[in-house]
Amino acid sequence: MALYYVAHRLFAAHDRALGAYIAHHLARRFGPDAVFLPFCDTDEENLNHPCKGRRLFELDSERLARINAMVAILHGPSLDDGVCMEIGYAAGRGVPILAVTTDFQSYGPTADTALRLPFPDPLFQHVVSRVISVPQLGPPGGEDARFERFLTQNLHTVTCAAIEAVHALTSELTARPALPPATVNDRRLAYLEPPLYGDGGWTARVSDALRAHGFATYHAGRFTNAAADPALTAADDWTALAQASLAVVDVRGPETPPGAALVIGACAATGRPVFAPEPDCWWTFAHGREPNYRNLMIQYGLTGTFSDLDELAKRLET
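Here is a short report on the structure shown in this document. Because the structure is predicted, anything quoted here is derived from the model rather than measured.

1. Observations regarding the pattern of salt bridges
Reasoning step 1: Applying the stated criterion across every chain yields a total of 10 salt bridges.
Reasoning step 2: With a shortest N-O distance of 3.8 Å, R9 and D80 are connected by a salt bridge. Residue R9 is found in the loop between strand 1 (4–7) and helix 1 (13–30), and its partner D80 is found in the loop between strand 3 (69–73) and helix 3 (81–93); the two are separated by 71 residues along the sequence.
Reasoning step 3: When its relative accessible area of 29% is taken as the criterion, R9 is described as partly exposed.
Reasoning step 4: A salt bridge links E62 to R66; its shortest N-O distance comes to 2.7 Å.
Reasoning step 5: The class for R66 is partly exposed, based on a relative accessible area of 46%.
Reasoning step 6: What you see here is one network of salt bridges that share partners, running through D121, E193, R222 and D237.

2. Points about the sheet that holds strand 1
Reasoning step 1: Within the open sheet, the five strands sit side by side as 2-1-3-4-5. Their pairing is parallel. What marks the edges here is a single partner per strand, and that holds for strand 2 (35–36) and strand 5 (130–133).
Reasoning step 2: As paired elements, strand 1 and strand 3 share four bridges and run parallel to each other. The residue of strand 3 that forms the bridge with V6 is V71.
Reasoning step 3: Along the sheet, helix 1 contacts strand 1, strand 2 and strand 3; its crossing angle with strand 3, the most-contacted strand, is approximately 150°.
Reasoning step 4: Each of strand 1, strand 3 and strand 4 (97–101) touches helix 3; the most contacted strand, strand 3, lies at about 155° to it.

3. A few points about the pairing of strand 8 (residues 246–249)
Reasoning step 1: A two-sided burial pattern is seen for strand 8, the buried positions comprising L246 and V248 on one face and A247 and V249 on the other.
Reasoning step 2: Sheet analysis places strand 6 (residues 189–193) next to strand 8, joined by four bridges and oriented parallel. Residue pairing in the sheet places L192 in a bridge with V248 of strand 8.
Reasoning step 3: Of the pairings in the sheet, the one linking strand 8 to strand 9 (residues 274–277) comprises two bridges and is parallel in character. By the bridge assignment, V248 is partnered in strand 9 with F275.
Reasoning step 4: In terms of handedness, the path from strand 8 via helix 8 (residues 258–270) over to strand 9 forms a crossover that is right-handed.

4. A few points about helix 10 (residues 309–317)
An α-helical segment advances 3.6 residues per turn. Residues three or four places apart therefore align on the same side.
Reasoning step 1: Taken residue by residue, helix 10 has L312, A313 and L316 as its buried positions. All buried residues of helix 10 project into a common sector of 105° when viewed along the axis, lining one side. Facing away from the buried surface of helix 10 by more than 90 degrees, the exposed residues are D310, K314 and E317.
Reasoning step 2: On its buried face, helix 10 is in contact with helix 6 (202–212), strand 8, strand 9 and strand 10 (304–306).
Reasoning step 3: Two to three positions downstream of the cap, the backbone nitrogen of D310 sits 3.2 Å from a side-chain oxygen, assigning the N-cap of helix 10 to D308.

Conventions used here
- Residues numbered from 1 in each chain as written.
- Predicted model: local features only at pLDDT ≥ 70, side-chain atom pairs only at ≥ 80, totals over all residues.
- Heavy atoms only, no water.
- Salt bridge = Lys/Arg side-chain N within 4 Å of Asp/Glu carboxyl O.
- Helix = DSSP H or I, 4+ residues; strand = E, 2+ residues; numbered from the N terminus.
- Buried < 20%, exposed > 50% of the residue type's maximum accessible area, 1.4 Å probe, protein only.
- Pairing = 2+ DSSP bridges.
- Contact = heavy atoms within 4.5 Å.
- Axes fitted to C-alpha atoms, helices over the stretch in contact; angles between N-to-C directions.
- Right-handed = clockwise from strand over helix to strand, strands pointing away.
- Arc of directions from axis to C-beta.
- Polar contact = N/O pair within 3.5 Å; in protein donor to acceptor, adjacent residues only side chain to side chain.

Take a look at the structure:
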């Protein structure tokens, strides 16, 4: 039996409800046992475990390792880093990914660009198999109350997106080839995902540290070369990750950048070590969970963090 994974933001009731609505439509078509919905199917509300966050990561990863396709719900310029990590995991395995969005915005590198992408990082456009985009409101209903009419219009949008997702999964979705496992790649190439919130020489210093340990380095170029075609540079970045034996990503800033989260997922799926500087961010707390410094899919998907380049050197030697 095929298994479909619904990746969705899950920290608020409306996000969980949207994930459940999409999963419900998939289950009606493919059967309830063919759909995995995080939080719901890990019984996160009631799960008791001494290290609950890590246990949830293990349960989600176990499903990610055997799914046949993914439905990823993505909205807004601030993409959920846990969902992005899950997309990277599926992409690393060569699993078809169906992205579903009702976002009415599109994204481009400059104000006057003719390029319009559905997501704020072109790497997502490169790895997903198909994008279901339903940005418009439904037709106005006959209800008298304006808020009820507005609710009906938005629910129509969500329903259309769910129905299109089901239809898309009944057709053949083409995925990118899986990344080779790290164990079959003996090239000493390190993939670097630079900071999005100001470099300050960080990439150069990390590159020097890696070269001192015998690594060649590749710097992701999707956002650093303004004159290049972002679609082509995204393809170059993915190709370089496939050739790399490890990755270093920057997860600092107000949240994990979407591309960095995707790279972490791809590395976790293929056994590549992936390191990041300590994020120095506020911690998150949830009932029954241990404190997390980032989304648990990021925190436990990383091989390790480092406080300075000396600590990174020690990581490389182990």
